[in-house]
Structures are given as C-alpha cells and as structure tokens.
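# Inside the fold
The lines below spell out each chain.
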Amino acid sequence: MLLNDIISGKVVDSVYIIAEIGQNHQGCVETAKKMIWEAKKAGCHCVKFQKSDLPAKFTRSALDREYISDHAWGKTYGEHKEYLEFSKDQYLQLQAHCKELNVDFTASAMDERSLEFLADLNVPFIKIGSGDANNFPLLKKAANLNLPLVISTGMQTMQTVERIVQTMRESGKEDFALMHCVSSYPTDPEDCSLQLISVLRRRFPNVAIGYSGHELGVVIIQAAVLLGAPIVERHFTPDKIQKGSDHRCSLEPQELKALTTAITNFKLSSVPMSPQEIVQKLNGGEELEAALQHVESKTILPCELPCRNKLGKSIVAARNLNKGYRLQLADMAIKVSEPSGLTAEDYLDLVGKELAGNIGEDEPILGSSIIN
Ligand SMILES: CC(=O)N[C@H](C=O)[C@@H](O)[C@H](O)[C@H](O)COP(=O)(O)O
Ligand SMILES: C=C(OP(=O)(O)O)C(=O)O
C-alpha cells in the first residue's frame, strides 16, 4: 500500500489522497457507496469514515443536550449522532464495496471501543482525529495495534504534538504519520498556517507530515503538497449546500478531480519548494500568500475554540467516586463532556489526587474537584 511506503520513508512518486466521507453520507449507506465510487473515479486512494461508539465517546449529558442547529438530524446531540452512525453490517458492506473498487477503506477511531471495532475489521490504517490527539490512553492503545496510524493535530499545541511523538516512540511505534490540521470549518486562509508543515518536518525529520484541510477550494491543499506533505485529506460531498456541518468546507466531485489531477502532475522530486516558489507555481493571490505566511510554532488558534469547546475531550469519572478518594487511572475516562472538564492531556497528572467532593459517573473532573 502506498501509505505504508510513505510512512516508512520510501521514495514514492505519488501523494496519498484521502477522501473524508466522514458523516457527509447523511446516514444513508447507499449514498456512502455512491460517494466511494465518486471518490475512486476522482483518483483518491482512500475513503474514510468516522466511527464512534456513542456512550464511549460522549457523556450522558453531552448526548442528552438539545442540538439546536440547521445541521441537526435529531432533537438531542445523541439522536443526531445516532442517525449518522453506521452499524457493523453497514461497515462490512462499505468495506466490501471498497474492495471491489480497489480503494482503501478506513475510519477515524473516535474512542477506544471504536478502535477495537476498526482493528477487528482489519482496516489498512487507523486515523486518529484532532479531537483525540491529546487522548493519550487512546493513542497508546492505538500504538499497540499492529496497524499504521495517521494522527491529526488540530486544536493542539506544539507541546502536545511533542508528546504524541514521544508516546509513539515509547510504545515502539514506527509506522505513524502526523497531519497538520486546523479545526475550523471552513478555515480562513490566514489561519491555515501551512508553514507548520515545514516546522513539523524539521522537528520530526523521520515522520511523514501530511495535511488535513478544512479550507475552501483546492489551491491551499496543493500548496501543502508542494511544502512536502505526502498524505492529504479533504472532506468530500456530492453537494455542498446539503444539510450537515461539514458539507460547506467539503470538495464536490469536480473539485476533488481537479485536486487529484493537479497533485498527480506535480514533480515530487522538486518538493519541498519555498513559499515564494509555491506562490509563483500556483499563480496564487493574496489568499495563498496568507495561508503561507510565516508561523513560528503550533498553538491553539482562536478560530479552533468553537470546535474544541464542542468536540474536545475532557476527563470524566468512569464510576461514582466519593469525596476524599484518591484517583486511580481506572477511575477516569476521556469523553466529550457537557459541561467540559479538565482537558484529556492532564489525565496522568491526576493519579493520586484527592477528591474535594463526590463525583458521579460520567461527570467531568474539574480543577476545583481535586485538592492539590
Ligand atoms: C473534530 C472533529 O471530530 N471533526 C470532524 C472531522 O473533520 C468533523 O467531521 C465533525 O465530526 C463534524 O464537524 C461534527 O459535526 P456535528 O457536531 O454537526 O455532528
Ligand atoms: C476529526 C477528524 O479529522 P481531522 O482532525 O483531520 O479534521 C477525523 O478524521 O475524524
């Protein structure tokens, strides 16, 4: 598989292109099958979905909250997500369809149960989305599987990215890639911070650094390839104006085709190119220049805060816990919580800390929940 060659550092003459179907199938397996065919026809190497086990990814109150949005498929967020989730049988159908069409099939593992589910399906690699890039228990579990990992880094600081790489190394995991990503839908050109691809390439010279983009159009992602990204991912839709949070920043079939054609025509032996060379080659205007402006280091951008608040993971109680109890690893779970709690990356630091009050199962652990 091309992805394995890229991750293992072999010289390849193609970029691995992932069409992120995600939840743009509107909960319909037949639509998903048509989209797989369109993505293959457009020249993509892989189609990707999103797999969640709802009670494992979200707390009860996060699932029960009212979802007031033009993009809601249910009254509560849980009903909305349930509507968009495929069953095992449907996953098997989609996997078989991809096999027939000779296109790689995978999904992001949005929680530990989904990771097990995907490992069981024997997908060619596992994607860890930005919402779980600081979920170190999930990352460790994924690293212990015998499957390549593609890990996105939206909504994270450079320090967290360092810790991801350290976690992989400590687990003896060699076959993983990082994706530069900004979790804002759509991402404005000036927030795309494409030069972070070069920053990450310099910092982790032995790791493939790809790009998962949420901007409009196909020029910025071409620039990412010319900066040296050997793996790229974009959301894909049959029609941008459909209902659903991701359609607007997705590519329609003709845009996807334009992207794969442009990338296929790049001479990868002259990559990476400088920002100036890229602007010249792509005939770029102000937007491309904005996307390529100098960036020092990776931070959580203000434009990412809505996504982080909605889908970032918190530390919650895995069971009912009493005041005075000292936390152990097994007492904590990492979920999307409503309201949110301490962020997932603080998980290990909480071991041994004493609780200031009772905390019910699935309730967030806050700074004020512990006695320092
Ligand atoms: C961070 C993350 O997981 N982002 C994903 C990948 O890009 C998105 O596809 C979300 O699942 C989607 O935007 C959620 O939309 P809603 O909340 O309407 O189901
Ligand atoms: C959230 C995801 O991706 P990204 O963080 O790359 O947008 C995903 O793949 O589910």
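Reference entry: report on the structure contained in this document. (Residues numbered from 1 in each chain as written. Chains lettered and ligands numbered in written order. Predicted model: local features only at pLDDT ≥ 70, side-chain atom pairs only at ≥ 80, totals over all residues. Heavy atoms only, no water.)

## Some thoughts on the nonpolar core
- Within the largest apolar cluster, 80 residues are counted, with the highest numbers of intra-cluster contacts made by Val 47, Phe 49, Leu 178, Leu 194 and Tyr 211.
- No other element matches helix 11 (residues 219–226), which puts 6 residues into this core.
- Excluding anything up to four places from it in sequence, Tyr 211 contacts Met 179, His 180, Cys 192, Leu 194, Ile 197, Ile 220, Ile 221, Ala 224, Ala 229, Ile 231, Val 232 and Glu 233.
- Counting 14 residues, the second-largest nonpolar core is a separate cluster that includes Leu 342, Leu 355, Ile 365 and Ile 370. (Core = buried A, V, L, I, M, F, W, Y, C linked by side-chain atoms within 4.5 Å. Buried < 20%, exposed > 50% of the residue type's maximum accessible area, 1.4 Å probe, protein only. Helix = DSSP H or I, 4+ residues; strand = E, 2+ residues; numbered from the N terminus. Contact = heavy atoms within 4.5 Å.)

## Concerning the layout of surface pockets
- Counted as a void, the largest pocket has a volume near 650 Å³.
- In terms of lining residues, the largest pocket is bounded by 36 residues, among which Gln 50, Tyr 185, Asp 246, Cys 307 and Leu 311 are the most central.
- In terms of residue count, helix 15 (residues 305–311) provides more of the lining of the largest pocket than any other element does, 4 residues in total.
- Of the residues in the lining of the largest pocket, the class split is 10 nonpolar, 16 polar and 10 charged.
- Taken as a whole, the second largest pocket spans an internal volume of roughly 500 Å³.
- Around the second largest pocket sit 22 residues that line it, and Lys 10, Val 12, Arg 201, Gly 228 and Pro 230 are the ones nearest its centre.
- Going through the elements one at a time, helix 1 (2–7) and strand 7 (208–213) are the ones with two or more residues in the lining of the second largest pocket.
- Residues that form the lining of the second largest pocket fall into these classes: 15 nonpolar, 5 polar and 2 charged. (1 Å grid on protein atoms, 1.4 Å probe; cavity = no way out; pocket = protein on both sides within 12 Å on 5 of 7 lines; lining within 4 Å. Points joined across faces, edges and corners; volume = space filled by probe spheres on them. Nonpolar A, V, L, I, M, F, W, Y, C, P; charged D, E, K, R; others polar.)

Functional significance is not addressed by these values, which are geometric in nature.
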